[in-house]
Every structure is written in structure tokens, then in C-alpha cells.
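# Inside the fold
If you want the building blocks of each chain, they are given just below.
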Amino acid sequence: MWESMDLINRHMVLQVQNLNKNFDGITALDNFSCTVDEGEILGLFGPNGAGKSTLFNVITGFISCDSGKAIFRGKTLLKRSSDKISLMGISRTFQDLRLIRQMTVLENVMLAFHHQPGERLRNVFLRKRTSDRHEEKNREASLEMLEYSGIADKADQPAGNLSYGQQKLLSIVCCLASGAGLLLLDEPVAGINPGMIDKILSIIQELPEKGKSVIFIEHNIDAIMRVSHRAIFMDAGRKISEGLPETVRNDPKVIEAYLD
Amino acid sequence: MTYLLHILIYIGIFSILSISLNLLVGYTGILSIAHAAFYGVGAYAVALMALQFHSPFLVNLVLAVIASGVLGALVGIPSLRIKDDYFIIATFAFQVIVFSILNNWVSFTGGPMGLPGIPQPVIFGIRVSSHVGFLILIVILCVFTFWFSGRVVKSPFGRVLRAIREDEVFAQSFGKNVAGFKVKVFMMGAGLAAIAGVMYATYISFIDPTSFTVMESIFIISIVIIGGAGSLWGPVLGAVVLVALPELLRFIGLPNAVAANIRQMLYGGLLVAFMLWRPRGFVGKYGFNK
Amino acid sequence: MINQLLLNALFAGCIYILIAVSFSLIYHITRFFHFAHAVVFTSGAYFTYLFHKLLGLPVCIAIPIAIGLAALLGCGMEVSVYKPLRKKNASPMVLLLASLGLYIVLQNTISMVFGDDTKSIRSGVVKEGLLVFGARITPIQIVIICTSIVLVVLVALWLKKSKMGKAMRAVANDAELAEISGIDSHNVILWTFAIGSGLAGVAGILVALDVDMTPTMGMNVLMMGVVAVIIGGVGSIPGVALGALLLGLAQHLGVWKISSQWQDAIAFIILFVFLLVRPQGFLGRKVKKVSV
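Residues numbered from 1 in each chain as written. Chains lettered and ligands numbered in written order. Predicted model: local features only at pLDDT ≥ 70, side-chain atom pairs only at ≥ 80, totals over all residues.

## Observations concerning the overall build of chain A
Of the regular secondary structure elements, chain A holds 11 helices and 10 strands. Relative to the 2.2 N^0.38 estimate, which gives 18 Å for 260 residues, the radius of gyration of chain A is 19 Å and therefore close to what a compact globule would have. Scored against the burial criterion, the 260 residues of chain A give a buried share of 45%. Long-range contacts, defined as pairs at least 24 residues apart, comprise 67% of the intrachain contacts of chain A with a sequence gap of at least 6. (Helix = DSSP H or I, 4+ residues; strand = E, 2+ residues; numbered from the N terminus. Rg over C-alpha atoms; globule rule 2.2 N^0.38 Å. Buried ≥ 20, exposed ≤ 12 C-beta atoms within 10 Å, placed from the backbone. Contact = placed C-beta atoms within 7 Å.)

Structure representation (C-alpha cells):
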């Protein structure tokens, strides 16, 4: 119905089918399926322990799943290592905000670029000029991205010096730097002040224009409403409701799950 | 004067050891207790080749480095499956296994008796025999090791190492094959340590397993940490302090019997003190914080 | 022949059990590698030597004093080094390095004070062992086996039933949660060091009664204990006991088939294999490589 209408001219970027994951008797994912289209922002919400972060971990290869399929741009994901999956074009942020706090903001962004010749030992010694050229190019691109997100003035400071909100912003910039086509953002605006929330949400909104697709997890329903094209509500590892954000929010099943 | 040269040569040898270990401990955050094993492999490799095959020094040097490097890569591979604390124990285990082989495989390594009569290096027809000669050679190799380490550390490869040091999950999530990087660092650390082993063997002209024990590994770790992990000059400074300082004690007239003990207590005590008050050592940039 | 092998293995296993259980206790609760445990072990023997051989006290008085002092030594390290470090939020690696430093300082102190040569607290002639099931075992070895078993059982019971034991297990499981529930973790840790160090001291004395003592004997025995903990499983006393016995068996089988000089190498090769294949040991809980 609404699916076929939206899919007519779009390519599916990610398709996840019947994912099941069990942890010591706790069902983290229960026959979960969803799709993400090119240029789509999918909002994922649900109570704590609903399996949202687990979903991210399975897609990005940090956790194996018991059964199911995950296909990204036609290629299967599930048996690959997390670094290979990242190279395929998927980047993510983490719920507990991972960054290299001892490195500068700029270094964090430059780290995120894929296919850096200078990361290969051979090139460190034998093709230094090529590595240096790429470094310079990445450096300029990084500064542009930092400029775009408004934290360029902090470029040479240790990432640990940034405020919590700025750090969250930085982690998204890193995802941009990686050149990923699909960004998985885990609670990008949780626990930060309204000004920064606006900033980050507007950046997320502009991602489809840059050719990116996004899945983001949030507890902040407002954020889901403002920015997602489509939303999914999860509980106990299962997809409870899916559709336009307004529709999902008003779905009686969703209201019931929250009242439980 | 000869005594001073002797000390400087030792400082040189331990600088190479600490600079190479620093790549692992200081830049990648991997505490390896196996470094003396690679030092030993280098020493024994050159000794055995020189004594059995009479091959030229430079050939022996290169082969020793390669042999040690391969061994280093092998130690690095399990880091994929074994997590932090346990991995440190695994390196300890490797160290002891290597020592056991050096000490017990008598027919091959001479066992506890060691290998005497290791010939002096002959490079392009020049025999290195005097203290000055050895010092020059050691300085050249030190400079090389320092340069090599500097290149690695300042490159994007080095940046990935520093990322792994703090958060390898983050690095992995941006496409870095963390396990591969660790194997390569081990390979480089081991290969460079072998250079020190080669110099030690040809300088002293006699080696036995007691120079390549767990305690030696711990000594090298102490040098890196006290000098300053995660910086280029830290290991060198550490080597100067920890090699020269105990020698100064000789001048105070300490009886020989306790000199060795005092020397150890010195760096053991410094280790505790630095951990309590300045984990990043004198000039280090990495304090092993969580 | 096989009986002798089994008896030797049992004996070795009993030595390893004490050091393994004591180490495992401390590791499980404090979550770092207390290397200096090796010198606490050694100190038990040397304190006994001090009080019995140098000061002339009878063995039955010297031994309890020595055990008490060993326990104090462990607590001393906790109070003067580990606790301040934990207060600064030091990482486990920092604690490990400090522990290494402590080991070096203390082991060399023992060397300086007592000398590096082998010292003995044994009295009398080395008697030929008694014949038990066709294998030879000395009276002292029987005492060692019995003492080990009794002590380990006592510790296991104590952990299960006593108030402090339960508090210790709570802290081992989840330190934050325990703190919130009102358990004073500083106190618990202190008790852990006291008991663990006391056990180590006993182990040191028992070994010295069997094969005399040297200042460096601790590190090797500790590593055997660590191997036992890893193959048996961290955090499980029966597992550790099993690991210790299996280690003793494997080593003595190896000694029988190859030669005794490879004993250490055998233990560490076994360790390596376990770390690769089954890091949680036989009975331990699964060790997650990294939590995401």
C-alpha cells in the first residue's frame, strides 16, 4: 500500500529480513524486518531494551545474529566483519558516544576517511608523497565538514574538550567523512541542549540531499516527528508499527506498549 | 673512557629495544611482556648464522630481523581472539616458551651454556672491533630505528594505532582492520628488537638465555614507561636514565652483591612511583588512562 | 608407575590450587592482575625462615606469624598503592604495572636481606616416602595435600555462607551495584587481599617445606596458578581446582614422556591453546571480547 507507492522510483538501500537474536534467553530481536530506501530518513524508537541498538550492532557486524538476512545495496552483510561492512558504505555512531578523546577533533575526522593510502605500511615508506597528498586532501575536506557543522574553531583541540553535544556532532561529522551512503545514528540528540538538538537535526535533515540515507534511534519522539520520513516502533525485539511518523505515533498498539 | 663508551653502547642497545616496544605499548596501547624474546631471537639468529654458516654480518642482520618479525606477527595474530588482560598473559607465556627453547634445546642453542665466540661484524670489509666502532654502528642503528618509528607514528597508519589505543571499536567501525594493524605493529616491534639483539650478540661476543628473560622484558617496559610512553624521545630518555643511573651507584661504592638488586629496585620503585604520580613518564604523551 | 604419576600430579595440583584460588579471588574482585601476589607467596616462606631459623621460634609459632605477616603484606600493598590508584580511576593496566614494580622491589628486598641462595625451613633428614597405593609420598607431601584441600573447601564455604563472603561475591559480580546496595567495597577489597594473601603465604610455606626456597620462586608458581585459573575458569572455585589438577596432570604426563626441563613450556603452551580456543576455561563464564 503505502510501501508500493513510495518504492516506485526509489532504490532500496538496506533490506533486513527476519532477524532473530537471542542473548542468554533474552530475545533481543524477534523476526525483525525492515527496509530503507535511497535518501530516506527512518526513525526508530521504542522503550529501553527494545532491541534498537542490537539491530544496529547486527547490521554493522559487531554482533552476529541467529538467523535472518541483511542486504545492503544488493550485497549480503551478515557474515562480514565490521570493518568490511564499514568499507561497504555504512557508518554509525554509538549510544555511549565513542570518540578518540585524546586525539584532536580534526584527527578524529581524518581518521574516519576510507581508503587512505597512508594507512598501508608499504605506502608509509615507499609512497610517502602519494600519502601526503591524500592527507592534505582529506584535511581540507575535514575542515570543510567541521565548518559546515560549526565546530571548526575547535579543530585542534582534543575531542575530549568538547561539550557533550559537540562530541555528538563530531561523531556525525566522522560518519560524513567516511563517505558512507547509509548512516546509523544511535540517539544523536539524547541528553543535549535544545540549541544543539536543532543543529544536529537540521544536519540530519540535509543528509538526503547529499545522497545519504539514515536510520536513527531516538527516545525523543519530537525529534522522530520532525525529521523522519518514515518511522518504526519497536518493542521486545519486534516491529510493532511502521509508517509515516504521525501514523505510528497515533497507532493504538504503540500507545498501548508505552502504557505497559 | 672505555667504560663510558661501554655505557653508551648499552644505552644504544636499550634505546632500540625501548623505541621498538614503544610502538606497541606507547602508541597502540598493547602491553607486551614478550619483547625480550624478540631481542633474544635476534641475538641467537645472528650468533647461529655467524657460527654455523659464517655468513656476512649484514645478511645475518637482515635475516635476524625478518625471523623476529615473522615471529612477532605470529604473536600478534592471537590478539584477534584474546582480549586485553588475557593477551598480556599470552605474551608472558610466549616469552617463557621462547626462553625455555633457548635454555633447553641444548643441541641447537647451546642451552644454559650459551653460544661463545660470536664473530665481530664485518661491514663492507671493515671490521668493527673497537668500542668506538661499535658505538658508531649502534648510533647509526639507533638513528635508523628512531627514524623508522617516527615515520610510522606520524603517518595515517600511526593515527590508526593511536585510535586503537583508546577505542578499537571506534577504529573498527570506520573500516580499520584492527587485527591487521596489531599484527603489523607486532611485526615491526619484533623486527626492530632483533636489531638490538644482533648488536648485543656481536658486541659481547657471547650470549646465554639469562639475558632474555621475563625480567628483561619488564625492564624494557619500565624504560618505555618511565621515559614516557607514546612519545618519540621518551624511550631514549628512559634508556639513558635506567642504564646510566645504576652505573652511577657504582661510584658510591655499593658492594657488587647488592648492586644488581639495587639496580632492579631502582626501576621497580620508579615504576610504582610513576604509576602513582605521573603515569605518562618524564616526557610521554600516553598515561594508560581508560 | 602410573600411580606415581597420578600422585605427583595430585601433589602439584594441590600446590597450584592454593595459589590459583587466592589469585582468582583477588582478580575476580579487583579486576586487575596483581602480579605482586608472587612475592606475597614467597614472603610466607621467608617470614617463616626469619622467625624459625633466625629468631629461633618453634615452627608452630613461626608459621602462623608468617601467614599473618603475608596477609598484612598484601593488605599493605592495597592500602599504599592500589587504593590510591583506584581513587584516581587508574586503568587496570596502570594497576598491573604498579604491581610489577611492587614485585620487583619486594623480591629484591628479600634477595638483599636473605641472599639469593636456597634457604630451608625443613628439619631433619629427607626420609624416604611412605608407600601409598604403590607410589611414594613423603609425610610432608601428605600434609600439603590435606592442607590445600581443607583450606580451599573452607574458603569456598566461607564465600558461600558468611556475610563478608557474600559481600565479596556481590562486588565480584557488579561492583557498582554492590556499592549502591550499601556494601563498602573498600572494606571488601581489603578482606579479599587479607584472605588471598594469607592463602598465598600458606602456599609459600608449604612449597618451602617440600623443596626449600629462593627469592624468585614466586613468579613461576604464580604463573602456574594463572594457567590453572584460565584453564579451569575465572570466578569458579571448582573450576580453578579442576584446572589446577589438570595442569598438574598435564605437566607430569609431559615430564614422563619428554623431560622435566620442559615443564614450564608445556604449561604455557597449554595456556596459549586455551586462550585461543576456550578463554573462559572449562567451567568459567563466557568472556566477551569487547562489549559494544
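## Quick word on the overall build of chain B
The number of helices and strands found in chain B is 12 helices and 2 strands. Scanning chain B from its N terminus toward the C terminus, one meets helices and strands in the order α-α-α-α-α-β-β-α-α-α-α-α-α-α. Taken against the 2.2 N^0.38 rule, which gives 19 Å for 290 residues, the C-alpha radius of gyration of chain B at 18 Å falls within 12% of a compact globule. On the principal axes, the C-alpha backbone points of chain B span a range of 50 × 45 × 35 Å. Considering chain B as a whole, with its 290 residues, one finds that 60% of them fall into the buried category.

## Focus: the sheet that holds strand β8 (residues 213–217) of chain A
Within a beta sheet, neighbouring strands are joined by backbone hydrogen bonds and run either parallel or antiparallel to one another. Residue and element names in this part refer to chain A. If you walk across this open sheet you meet the 6 strands as β6-β7-β8-β3-β9-β10, and the pairing is mixed. Of all the strands in the sheet, just β6 (90–92) and β10 (238–243) have a single pairing partner and so form its edges. Averaged over all pairs of adjacent strands, the angle between strand axes in this sheet comes to 15°, irrespective of strand direction. As paired elements, strand β9 (residues 230–235) and β10 share 5 bridges and run antiparallel to each other. Within β10, the position partnered with Asp235 by the bridge is Arg238. (Pairing = 2+ DSSP bridges. Axes fitted to C-alpha atoms, helices over the stretch in contact; angles between N-to-C directions.)

## Overview of the interface of chain B and chain C
The interface is formed by 32 residues belonging to chain B together with 36 residues belonging to chain C. Counted by class, the side of chain B that touches chain C contains 21 nonpolar, 7 polar and 4 charged residues. (Nonpolar A, V, L, I, M, F, W, Y, C, P; charged D, E, K, R; others polar.)

## Points about helix α11 (residues 234–252) of chain B
Residues and elements named next belong to chain B. Between the first and last C-alpha of α11 there are 27 Å, a value that for 19 residues agrees with the 27 Å anticipated at 1.5 Å per step. For α11, the complete set of buried residues consists of Gly234, Pro235, Val236, Leu237, Gly238, Ala239, Val241, Leu242 and Val243. Elements that come into contact with the buried residues of α11 comprise α1 (2–27), α10 (214–227) and α12 (256–277). Following α11 by one or two positions, Gly253 adopts a phi angle in the positive range, close to 90°. (Expected span 1.5 Å × (residues − 1).)

## Let's talk about helix α10 (residues 237–257) of chain C
All names here are of chain C. End to end, α10 covers 30 Å across 21 residues, agreeing with the expected 30 Å (1.5 Å per residue, within 8%). For α10, every residue scored as buried is listed here: Ile237, Gly239, Val240, Ala241, Leu242, Gly243, Ala244, Leu247, Gly248, Gln251 and His252. Packing partners of the buried residues in α10 comprise α1 (2–30), α5 (139–161), α9 (217–232) and α11 (263–277).

## Observations concerning unusual backbone geometry
The backbone of Ala236(A) sits at a positive phi, close to 50°, despite the residue not being glycine. Looking at where Ala236(A) falls in the secondary structure, it is placed in the loop between β9 and β10. Phi angles above zero are rare outside glycine, and Asn89(C) is one such case at about 65°. Take Asn89(C): it is sitting in the loop between α3 (59–87) and α4 (92–114).

## Considering the environment of Leu58(B)
Residue and element names in this part refer to chain B. With respect to the helices, strands and loops of the structure, Leu58 is situated in helix α3 (residues 57–76). Taking the number of C-beta atoms within 10 Å as the measure of exposure, Leu58 has 12 and is therefore exposed. C-alpha of Leu58 to C-alpha of Ile123: the two residues are 65 residues apart in sequence and 6.9 Å apart in space.

## A short note on the domain arrangement of chain A
Residue and element names in this part refer to chain A. According to the domain assignment, chain A consists of domain 1 (1–89 + 180–260) and domain 2 (99–179). Here the C-alpha centroids of domain 1 and domain 2 sit 26 Å apart. Across the boundary between the two partners, domain 1 contributes 13 residues, which contact 11 residues of domain 2. Elements with a contribution of two residues or more to the side of domain 1 that touches domain 2: α3 (82–88), β7 (182–186) and α8 (194–206). Of all the elements, α8 adds the most residues to the side of domain 1 that touches domain 2, at 4 residues. Of the residues in the side of domain 1 that touches domain 2, the class split is 9 nonpolar, 3 polar and 1 charged. (Domains from an automatic or database assignment.)

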